[in-house]
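Okay, here's what each chain looks like letter by letter:
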Amino acid sequence: MPKTNKLKIINDPIYGFISIPNSLIFDIIEHPYFQRLRRVTQMGLSNLVYPGANHTRFHHAIGCMHLMQKAVRVLRMKNVEISEEEANALYIAILLHDIGHGAYSHALEHSIVNGITHEEISLKFMKALNEEFNGKLTLAIQVFEGKYHRTFLYQLISSQLDIDRLDYLKRDSFYTGVAEGNISSDRLIAMMNVVDDELVIEQKGIYSVEKFIIARRLMYWQVYLHKTGLVAENILVNVLKRAKELAMKGVELPASTALKYFLYNPITQENFSKKTLQVFSELDDYDVLSAIKEWKNHEDLVLSELAEMIIDRHLLKVEIQEESFSDEYINKKCKKIKDLLNIDEKEVEYFVFSDRVKHQAYNTDKPIKILNKKGKLKDIAKASDQLNLKALTKPVVKYFLCYPKKIM
């Protein structure tokens, strides 16, 4: 068999050339589990709002690995000892941190796969890969779970200023065209350091951190929690919930083999077996979207109406406000749709629903620490002279109500 070149380079629209550090990582990227991420969009149905947002989890994971290589180089230059094994563990852990995301990211978790989060599924994938690669991922799994004795390694994977956020803010800003999220990930990484086993940012990077926190807030309200995106995501959850409800009653639904497995079997944390993991690895956005296209013509009124909303982008009307909606107002909408479609009260919930969204741009419980010239550490919220950073520590809550436009 001819020897393949495993030290490939990938051309990324944001960072330019990304190199794959070694043959083990090349083999992990080549694995079908990882290749599935090419078929899972990074931003769910956000492309119904921002047409350019079609980038995938694959893009994001490769970008994270590239930034992690930069972070390791920077820290080593500052005399932070990171062994080859530790560096490799970081690359693998960040590469696989999102591998457990289902089709359309969060929609599956709230509809047909219950009681198990994408983080737990990511861990199952990592453990399965570890078996295949003869234990070579053991250290990466320890770091990913926060069980390794060096805290800063875990902080690079998961903290308020981790490599994951540095990539997705910049990447999502690029693909949506929302300039407010365009952070300087290079500058932030160049300012990283380690003090007493903690990841910190040097004082010179204080303005870059401020911009990062503000960019995160703007991206959440402008992109991730955009009201049209919220409606689309909720309709997607509801269409899958309805499909599962019908499947559990034995109704025949057209769907791919992988999707049928999740529709016709109750899936929980307890019964998430190796077989389930294998089927999950075959399920992606394509299965879900092609099924929804079929369901548009299904005889079940609720399923077909919801499916049509997504396929033809005839979304529900959404109202968003600072305080919760009154029961009286919601009931009025419910009654109208019940009479119009001649459906029962349980089915009305698929068309009229209210919820709340909450976002906290900066959480002081796990602070981003700034290292000043005298070697002292300070929480960014206190170190910054930017008054609105204090305001950004408060969680912002907004309430929304969705209902069909025909009952306005």
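Structure: above.
Draft legend 1. Broad picture of the environment of V72. One can find V72 in helix 3 (residues 57-77). Taking the relative accessible area as the measure of exposure, V72 reaches 1% and is therefore buried. Setting aside anything within four residues of it in sequence, one finds V72 in contact with I82, A87, L90 and Y91.

Draft legend 2. Here's a closer look at the pairing of strand 4 (residues 198-202). Strand 4 sits mainly inside the fold: 4 of its 5 residues count as buried. As defined by bridge partners, strand 3 (residues 192-195) adjoins strand 4 across 4 bridges and the pair is classed as antiparallel. The residue bridging V194 from the neighbouring strand is L199, located in strand 4. Linking strand 3 back to strand 4 in an antiparallel pair, the connection comprises 2 residues, with D196 at a positive phi of about 50°. The pairing of strand 4 with strand 7 (residues 369-371) spans 3 bridges and is parallel. When the bridges of strand 7 are listed, I201 appears paired with I370.

Draft legend 3. Up close: the packing of helix 8 (residues 163-176) against helix 10 (residues 206-224). It is the contact of helix 8 with helix 10, at a shortest axis distance of 11 Å, that shows an interaxial angle of 50°. Between helix 8 and helix 10, the crossing angle belongs to the class labelled oblique. Seen along the crossing, helix 8 lies across helix 10 with a hand that is left-handed. Counting all contacts with helix 8, which are made through R165, L166, Y168, L169, D172, S173 and T176, the residues of helix 10 involved are F212, R216, M219, Y220, V223 and Y224.

Draft legend 4. Here's a closer look at the side chain of H359. Mapped onto the elements, H359 comes out in strand 6 (residues 353-359). In this structure, H359 is in contact with R216, R217, Y220, W221, L225, K394, P395 and V396, ignoring residues within four places of it in sequence.

Draft legend 5. Spatial organisation of the pattern of salt bridges. Inspection of every chain in the model, using the stated rule, returns 19 salt bridges. With a closest N to O distance of 2.6 Å, D284 and R39 form a salt bridge. Remark: R39 occurs in the loop between helix 2 (32-35) and helix 3 and D284 occurs in the loop between helix 13 (274-280) and helix 14 (285-295); sequence separation between them is 245 residues. Judged by its relative accessible area of 5%, D284 falls in the buried class. R57 is paired through a salt bridge with D98; the nearest N and O atoms lie 2.9 Å apart. In this pair, R57 is assigned in helix 3 and D98 in the loop between helix 4 (84-95) and helix 5 (118-132), connecting sequence segments 41 residues apart. With relative accessibility at 9%, the residue D98 sits in the buried group.

Draft legend 6. Focus on the packing of aromatic side chains. Going through the model one piece at a time under the given rule, you end up with 10 aromatic pairs. Measuring from ring centre to ring centre gives 5.4 Å for F34 and F58, while their planes differ by 55°; the resulting arrangement is tilted. Note that F34 is positioned in helix 2 and F58 in helix 3, a separation of 24 residues in sequence. Overall, the relative accessible area of 1% leaves F34 in the buried class. One aromatic cluster in this structure is built from Y33, F125, Y261, F262, F272 and F280. Sitting over the face of the ring of Y403, K333 holds its NZ or CZ atom 4.2 Å from the ring centroid.

The rules behind each value
- Residues numbered from 1 in each chain as written.
- Predicted model: local features only at pLDDT ≥ 70, side-chain atom pairs only at ≥ 80, totals over all residues.
- Heavy atoms only, no water.
- Helix = DSSP H or I, 4+ residues; strand = E, 2+ residues; numbered from the N terminus.
- Buried < 20%, exposed > 50% of the residue type's maximum accessible area, 1.4 Å probe, protein only.
- Contact = heavy atoms within 4.5 Å.
- Pairing = 2+ DSSP bridges.
- Axes fitted to C-alpha atoms, helices over the stretch in contact; angles between N-to-C directions.
- Parallel < 35°, antiparallel > 145°, perpendicular 65-115°, else oblique.
- Left-handed = near helix turned anticlockwise from the far one by under 90°.
- Salt bridge = Lys/Arg side-chain N within 4 Å of Asp/Glu carboxyl O.
- Phe/Tyr/Trp six-rings, centres within 6.5 Å; stacked < 30°, edge-to-face > 60°.
- Lys NZ or Arg CZ within 6 Å of the ring centre and 35° of its normal.

The values are spatial; any link to function lies outside them.
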